[in-house]
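# Residue-level structural notes
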Amino acid sequence: QVQLVESGGGLVQAGDSLRLSCAASGLTFSRYAMGWFRQAPGKERELLAVISASGGSVYYEDSVRGRFTISRDNAKNTVYLQMNNLKPEDTAVYYCAGGIATIGSDDFTFQYGYWGQGTQVTVST
């Protein structure tokens with residue numbers, strides 16, 4: 001049984017930083033690309049970042065590029081999302097996902113089949 005468990009969310013002030021973690025079990029972690037999404041109330045789920053299975057390639061949405069950093073530790077079966085200079089509009093439930101990705105200079109796809117339960121991030125002014 002595949003499980004993805006996010007942690008590290010919380011209530012912070014604008015300008016603060018948080019690091020989210022997603023611990024995976026039940027799958028060969030090093031074979032899967034991993035991604036982070038978020039969903040704010042009343043909005044669609046938004047892809048933020050994806051990291052390849054080896055960790056050698058990453059993809060960021062424009063909305064978080066330069067502020068968020070995705071990384072992974074295959075020895076710990078964990079993917080991270082370092083979030084800096086948080087803004088109130090970053091308030092959302094953050095989810096990790098596992099799947100298959102193509103990350104190239106002109107080509108990006110992410111097909112995901114596994115989801116975590118999410119962790120709440122709230123950024124106050």
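An account of the accompanying structure is given in this report. Because the structure is a prediction, the values reported are computed rather than measured.

On to the overall build of the protein, then. Counting its secondary structure elements, the protein contains zero helices and 11 strands. Ordered by position from the N terminus, the helices and strands of the protein form the series β-β-β-β-β-β-β-β-β-β-β. The globule rule puts the C-alpha radius of gyration for 125 residues at 14 Å, and the 14 Å found for the protein is close to it. Considered along the principal axes of its C-alpha atoms, the protein spans approximately 40 × 35 × 25 Å. Going through the 125 residues of the protein one by one, you find that 40% of them count as buried. Approximately 6,400 Å² of the protein is accessible, and the part contributed by carbon and sulfur atoms is 44%.

Side chains carrying opposite charge are able to pair once their charged atoms draw close together. Evaluated as defined, the whole model comprises four salt bridges. Put simply, Glu46 and Arg38 hold a salt bridge, and the shortest N to O gap is 2.9 Å. The exposure class assigned to Glu46 is partly exposed, which follows from its relative accessible area of 27%. Across the pair Asp90 and Arg67 runs a salt bridge, and its minimum N-O distance is 2.8 Å. Here Asp90, found in the loop between β8 (78-83) and β9 (92-103), pairs with Arg67, found in the loop between β6 (58-60) and β7 (68-73); they are 23 residues apart in sequence, far enough to count as distant. Summarising the burial analysis for this pair, Asp90 and Arg67 share the class buried. Salt bridges sharing partners connect three or more residues here, namely Arg38, Glu46, Arg67 and Asp90.

Turning next to the side chain of Thr119. Position of Thr119 among the secondary structure elements: in strand β11 (residues 119-124). On the basis of relative accessibility, which here comes to 11%, the residue Thr119 falls in the buried class. A polar contact is formed between the side chain of Thr119 and the backbone nitrogen of Gly9, at a distance of 3.2 Å. Other than its neighbours up to four places away in sequence, Thr119 contacts Glu6, Ser7, Gly8, Gly9, Leu20, Ala92, Val93 and Tyr94.

What counts, and where the lines are drawn
Position numbers for residues start from 1 in each chain and track the written sequence from start to end. Note on the predicted model: pLDDT of at least 70 is required for a residue's local features to be given, and 80 or more for side-chain atom pairs to be given and counted; whole-chain, interface and lining totals, by contrast, use all residues. In computing side-chain values, all of the structure's heavy atoms are included and hydrogens and water are not. Put simply, DSSP H or I for four residues or longer makes a helix, DSSP E for two residues or longer makes a strand, and each gets a number counted from the N terminus. Only C-alpha atoms enter the radius of gyration, while the globule expectation follows 2.2 Å times N to the 0.38, with N the number of residues. To sort residues, take the accessible area from a 1.4 Å probe on protein chains only and compare it with the maximum for the residue type: under 20% means buried, over 50% means exposed, and anything in between is partly exposed. Note on areas: these come from Shrake-Rupley sampling with a 1.4 Å probe, and a residue is covered only by the protein chains present in the view. Every case where a carboxyl oxygen of Asp or Glu lies within 4 Å of a side-chain nitrogen of Lys or Arg is listed as a salt bridge. Any N or O atom pair separated by 3.5 Å or less is treated as a polar contact, with the protein-specific requirement of one donor-capable and one acceptor-capable atom, and with residues adjacent in sequence counted only for side-chain atom pairs. A contact between two residues is defined here by any heavy atoms of the two lying within 4.5 Å.

None of the figures reported here should be taken as evidence of function without further support.
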